[in-house]
Amino acid sequence: MFEEAQYFAPVAANDDGTVEVQLAASHPGFADPVYRARRNAIAALAVGYVPGTPIPTAEYTEQEHEVWAIVSRELALKHRKYATAEYQRAVTRLGLPGDRIPQLQEVGDLLEPLTGFRYIPAAGLVPLRDFYGVLADGLFHSTQYIRHHSTPLYTPEPDVIHEVIGHANALASDRYAALYRLAGQAARRVESDEALEFVSKVFWFTLEFGVMTDDGELRAYGAGILSSYGEIEEFRGMDIRPLDLAAMGTTHYDITKYQDVLFRADSLAHLEDVVGGFWESCDDEAVLRLIAEGRQG
Ligand code: TIH
Ligand code: FE2
């Protein structure tokens, strides 16, 4: 179905209440029984989660906190160079801990007074309509596990580092948070799966992997670039194209690699005009026209 479906390991809930996360043989944690047990235990927290109740605490190991601390320290250095000023201000505003993995409950408690966003735990793939739709209500589905300690630089699989350092910092900005909400409204408004996929691809090329001119430099605001200290060093050498709705909504991407095609906004106001404006009012008909345009161009 949708391309996003590939990047989540399937989660099987057994009759006896245990949960099994099915890691692919190519996953760096595949042959690590300790990591697999951690993934299963953490997924079980989300499977049993009842919306509106406090998020269950994941008891992270010392090694897991250590992965967070290393990545967090590296990223803080890179963000100063490569993240937009708006994102950097939001980092300061949110004030995430650098030495340990924050609980998702805690992330929501920090975010809510700023922009109204709260986190909800997800065991694996959330259907696109739910994932995007609830953004309109200020809810963000998040994984709770952390990447394998052998691959701190980059993971194709969204983990708590990506969800929190990438997305929660952005969600602490009033202007980025408003864009997330508009994406949610668009996802709720469109009816066809085709239009929903288009809306989600525009999200991919902006709030996940967007770059913009900021202070005369090419900087990233997309959470996927900002959570990978491998990819953040490479994005400026990629094929950087001008912001274009039809192109973003129809360009193919491969989530398992560094993104080699990126779309650049001229400024945050430009992003708000073009992409925010699109999400604010798009309907199926408008999206179909853009798809036709994208196929030609
Ligand atoms: N590649 C990102 C990282 O290493 O932090 C995680 C993901 C972003 C988008 C999809 S997966
Ligand atoms: Fe993401």
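For clarity, every value in this text was computed on a predicted model and none was experimentally measured.

Topic: the coordination of the iron ion (ligand 2)
(1) Moving on: Looking at the iron ion (ligand 2), the protein donor atoms are His 162 (NE2), His 167 (NE2), Glu 208 (OE) and Glu 208 (OE), and they sit 2.0 to 2.6 Å from it.
(2) Moving on: Classification of the site at the iron ion (ligand 2) rests on its four donor atoms, whose angles at the metal span 55 to 140 degrees, yielding the label irregular.
(3) Moving on: Sequence spacing of the donor residues for the iron ion (ligand 2), all on one chain, is H-x4-H-x40-E. Here His 162 is found in helix H6 (residues 160-171), whereas its partner Glu 208 is found in helix H8 (residues 193-208), with 46 residues between them in sequence. The same class applies to His 162 and to Glu 208, which are both buried.

Thoughts on the pattern of salt bridges
(1) Moving on: Summed over the entire model, instances satisfying the criterion amount to 17 salt bridges.
(2) Moving on: For Glu 64, the salt bridge goes to Arg 38, with nearest N and O atoms at 2.8 Å. Here Glu 64, found in helix H2 (residues 62-82), pairs with Arg 38, found in helix H1 (residues 33-47); they are 26 residues apart in sequence, far enough to count as distant.
(3) Moving on: The class of Arg 38 is buried, set by a relative accessible area of 16%.
(4) Moving on: Arg 188 is the partner of Asp 137 in a salt bridge, and the nearest nitrogen-oxygen pair spans 2.8 Å.

Topic: the environment of Val 164
(1) Moving on: With respect to the secondary-structure elements, Val 164 resides in helix H6.
(2) Moving on: The class for Val 164 is buried, based on a relative accessible area of 0%.
(3) Moving on: Along the backbone, Val 164 and Ser 227 are 63 residues apart, and their C-alpha atoms lie at a distance of 8.5 Å.
(4) Moving on: Leaving out residues up to four positions away in the same chain, Val 164 has contacts with Trp 68, Leu 96, Pro 102, Leu 104, Val 107, Tyr 119 and Asn 169.

Some details on the UniProt feature "binding site: Fe cation" (unreviewed entry) in the protein
(1) Moving on: When the UniProt feature table is mapped onto this chain numbering, "binding site: Fe cation" (unreviewed entry) sits at His 162, His 167 and Glu 208. A maximum C-alpha distance of 10.0 Å is found for the annotated residues, which run over 47 residues; spatially they form one tight group.
(2) Moving on: Discounting residues that sit within four places of it in the chain, His 167 has contacts with Tyr 119, Phe 140, His 162, Tyr 180, Phe 203, Leu 207, Glu 208 and Ala 223.
(3) Moving on: A polar side-chain atom of His 167 sits 3.1 Å from a polar atom in the side chain of His 162.
(4) Moving on: Excluding anything up to four places from it in sequence, Glu 208 contacts His 162, His 167, Phe 203, Gly 222, Ala 223, Gly 224 and Ile 225.

Some words on the site of ligand 1
(1) Moving on: The environment of ligand 1 is made up of Arg 147, Tyr 154, Thr 155, Pro 156, Pro 158, His 162, Trp 204, Glu 208, Phe 209, Gly 224, Ser 227 and Ser 228.
(2) Moving on: Contacts to ligand 1 include Arg 147, whose side-chain N or O atom sits 2.8 Å from an oxygen atom.
(3) Moving on: Between a nitrogen atom of ligand 1 and a main-chain N or O atom of Thr 155, the distance comes to 2.7 Å.
(4) Moving on: Coverage of ligand 1 by the protein amounts to 99% of the 310 Å² it exposes when considered alone.
(5) Moving on: The class makeup of the residues in the shell around ligand 1 is five nonpolar, five polar and two charged.

Section: helix H11 (residues 268-281)
(1) Moving on: Between the first and last C-alpha of H11 there are 19 Å, a value that for 14 residues agrees with the 20 Å anticipated at 1.5 Å per step.
(2) Moving on: At Val 275, H11 is deflected by roughly 25 degrees, the largest bend along its length.
(3) Moving on: Of all the residues in H11, the buried ones are Leu 268, Leu 271, Val 275, Gly 276, Phe 278 and Trp 279.

A few points about the sheet that holds strand S8 (residues 261-265)
Two orientations exist for strands paired in a sheet by backbone hydrogen bonds: parallel and antiparallel.
(1) Moving on: In space, the four strands of this open sheet follow the order S6-S5-S8-S7, with mixed pairing throughout. The open sheet terminates on both sides in strands that have one partner only, identified here as strand S6 (217-220) and strand S7 (239-242). Each adjacent strand pair in this sheet contributes to an overall mean axis angle of 40 degrees, direction not counted.
(2) Moving on: Bridge count between S7 and S8: four bridges; the pairing is parallel. Directly across from Asp 239, in S8, lies its bridge partner Val 261.

Reading the values: the criteria
Residues numbered from 1 in each chain as written. Chains lettered and ligands numbered in written order. Predicted model: local features only at pLDDT ≥ 70, side-chain atom pairs only at ≥ 80, totals over all residues. Heavy atoms only, no water. Donors = N, O, S within 2.8 Å, 3.2 Å for Na, K, Ca; no water. Tetrahedral: all angles 85-135°; square planar, octahedral: opposite > 155°, others 65-115°. Helix = DSSP H or I, 4+ residues; strand = E, 2+ residues; numbered from the N terminus. Buried < 20%, exposed > 50% of the residue type's maximum accessible area, 1.4 Å probe, protein only. Salt bridge = Lys/Arg side-chain N within 4 Å of Asp/Glu carboxyl O. Contact = heavy atoms within 4.5 Å. UniProt positions renumbered as here; feature names shortened; annotations may be inferred. Polar contact = N/O pair within 3.5 Å; in protein donor to acceptor, adjacent residues only side chain to side chain. Near = heavy atom within 4 Å. Areas by Shrake-Rupley, 256 points an atom, 1.4 Å probe, with all protein chains shown as cover. Nonpolar A, V, L, I, M, F, W, Y, C, P; charged D, E, K, R; others polar. Expected span 1.5 Å × (residues − 1). Bend = angle between axes of the 7 residues up to and from the residue. Pairing = 2+ DSSP bridges. Axes fitted to C-alpha atoms, helices over the stretch in contact; angles between N-to-C directions.

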